[in-house]
Amino acid sequence: MKINLETFDLTQLPSVEDDRFEFKSSRTPPDDLKKKLRCAVSGFANAGGGYFVVGVDDNGNADNGYSLKIKNQDLRDWVDQIVHQVQPVPKYDIKLISDPMGRGVIQPDSAVLLVAIHESYAGPHMADHRYYIRAGAHTVAAGHFIIDAIWAKRYFFKPRLTHLFRLKPEQEQTIQLGIIGLTDAPAVDVKINISPLPQMIRHCDSLFPLHISVIDRNNPFFFDVSTYYQAEERFGKDVYLEVEYYDLAGNFYPYKTKIEVSGSVSPITIGNDNPAKMVKALESINEVLLKLTISRENAAKPSFVLSKPSESIFTDIENLIPELLAEMKKDLREYPVAREFIIMPKGAVYNGDKNNLILEYFFEDHSWLRSKLRILENHALIYEITYNNTLRFVISEELATYLTNC
């Protein structure tokens, strides 16, 4: 049971002690109260939090309250000193209640003292050289097994992030890099950087490091980094992943490691010793090919927001690749809604989709064609969506508008 300290009054106290509330009478001597408070703080902090209430009887009714002065020291300061004798000191709050609200009597210059001990992820907490926990309505010394469990809890409530590669769901031709949580604790204000950037996202360098609000076990973060085809070449070598993040208490955690896409995703293998397995594998391959045919609109597309290119960029590009742009202008004037094109050698056969208009450009017509297209990619005027053995691209609306209007 959690309470709101700002609105809490004695009417909200339970009528008996339990695993969350411990009552102490106003007749408890200060020296005895010191020890009981230290043990209770340790026990509650190690067992999910709770409330230590002083100045009430066994039924939670005020029995005159506790003096606001302990040997000329304010009661609140006196409590602060005692709580800070517990190591490590847990988070806590103090409330002094002067109105009994019909539950007993509180004398002048006295108050009911409530110490709220928060649940802690930094345990175990020690008082008087021992560890305590709550067992029902009592505070008792913890055994070794319980202490080991509390140490384990400390680890699992710290955020721990790692990485993995996977095939993109429903788009197995794309490889994704994921940042995932190993524990239940959330990692907040996460920054993700890759150096050098893989070929597929190199033109989005201004967006790195990526900023993610929170990553935990239930909320991983995945993004596209390569195609399955020529994965090692397109991802690159000597690539380093660097992740920085914080926990809810503001503690900083770094994670840096070298990553390789090679071998991270298992290929389909077919053995020759089991015909049934071979048939099943071939059926699986056929299903994938059908998906590529009927759901090509789901091919990997970058999800980054790109800045609009300036007019001067088009002038520079015209000077670099005039022949290629001239052919693209001609095609778009004839097919103004075309946005997708492939590149291949002359003589190659491509079985296209009759419901989808695809332009074709040939290596023989343009020397260094792939390098020329790289210029357009670098300015985010086209982007690659290859999902099979044919290099495939999409024309941005900015480039299409320029080619059809100039």
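Check the entry above for the structure.
Everything in this summary refers to the structure shown in the same document. (Residues numbered from 1 in each chain as written. Predicted model: local features only at pLDDT ≥ 70, side-chain atom pairs only at ≥ 80, totals over all residues. Heavy atoms only, no water.)

## A word on helix α1 (residues 30-46)
Line of reasoning, step 1. When the terminal C-alpha atoms of α1 are compared, their 24 Å separation across 17 residues agrees well with the 24 Å that a helix rising 1.5 Å per residue should span.
Line of reasoning, step 2. Taken as a whole, α1 has its buried residues at L33, L37, R38, C39, A40, V41, S42, G43, F44, A45 and N46.
Line of reasoning, step 3. Downstream of α1 by one or two residues, G48 has phi in the positive range, about 100 degrees. (Helix = DSSP H or I, 4+ residues; strand = E, 2+ residues; numbered from the N terminus. Expected span 1.5 Å × (residues − 1). Buried < 20%, exposed > 50% of the residue type's maximum accessible area, 1.4 Å probe, protein only.)

## Describing the layout of surface pockets
Line of reasoning, step 1. Taken as a whole, the second largest pocket spans an internal volume of roughly 440 Å³.
Line of reasoning, step 2. Every residue lining the second largest pocket is counted, 20 residues in all, and those nearest its centre are K2, G48, I117, H118 and E119.
Line of reasoning, step 3. Every element with two or more residues in the lining of the second largest pocket is listed here: β2 (50-54) and β9 (110-117).
Line of reasoning, step 4. Across the lining of the second largest pocket, the residue classes break down as 10 nonpolar, five polar and five charged. (1 Å grid on protein atoms, 1.4 Å probe; cavity = no way out; pocket = protein on both sides within 12 Å on 5 of 7 lines; lining within 4 Å. Points joined across faces, edges and corners; volume = space filled by probe spheres on them. Nonpolar A, V, L, I, M, F, W, Y, C, P; charged D, E, K, R; others polar.)

## A short note on the nonpolar core
Line of reasoning, step 1. F165, V190, I192, F223, L241 and V243 are the most contacted members of the largest nonpolar core, which has 28 residues in total.
Line of reasoning, step 2. Breaking this core down by element, the ones donating at least two residues are β13 (161-168), β14 (171-181), β15 (187-195), β16 (210-215), β17 (221-227), α4 (231-235), β18 (239-246) and β19 (252-259).
Line of reasoning, step 3. Apart from residues lying up to four places away in sequence, L241 is in contact with H163, L177, I179, I192, N193, I194, Y255, K256, T257 and I259.
Line of reasoning, step 4. The next biggest cluster of nonpolar side chains, apart from the first, holds 25 residues, and it includes I313, L325, M328 and F393. (Core = buried A, V, L, I, M, F, W, Y, C linked by side-chain atoms within 4.5 Å. Contact = heavy atoms within 4.5 Å.)

## Observations concerning the sheet that holds strand β21 (residues 358-362)
Line of reasoning, step 1. An order of β21-β20-β23-β22 is seen for the four strands of this open sheet, with the pairing classed as mixed. Since the sheet does not close on itself, it has two edges, and those belong to β21 and β22 (382-384), each with one partner. Between one strand axis and the next, the sheet turns by 30 degrees as a mean value, whatever way the strands run.
Line of reasoning, step 2. Where strand β20 (residues 340-344) and β21 come together, five bridges link them in parallel fashion. Looking across to β21, one finds that I342 is bridged to E360.
Line of reasoning, step 3. Of the strands in this sheet, β20, β21 and β23 (391-395) touch helix α7 (residues 322-334), which is tilted by about 155 degrees from β21.
Line of reasoning, step 4. The sheet strands contacting helix α8 (residues 369-378) are β20, β21, β22 and β23, and the helix crosses β22 at an angle near 115 degrees. (Pairing = 2+ DSSP bridges. Axes fitted to C-alpha atoms, helices over the stretch in contact; angles between N-to-C directions.)

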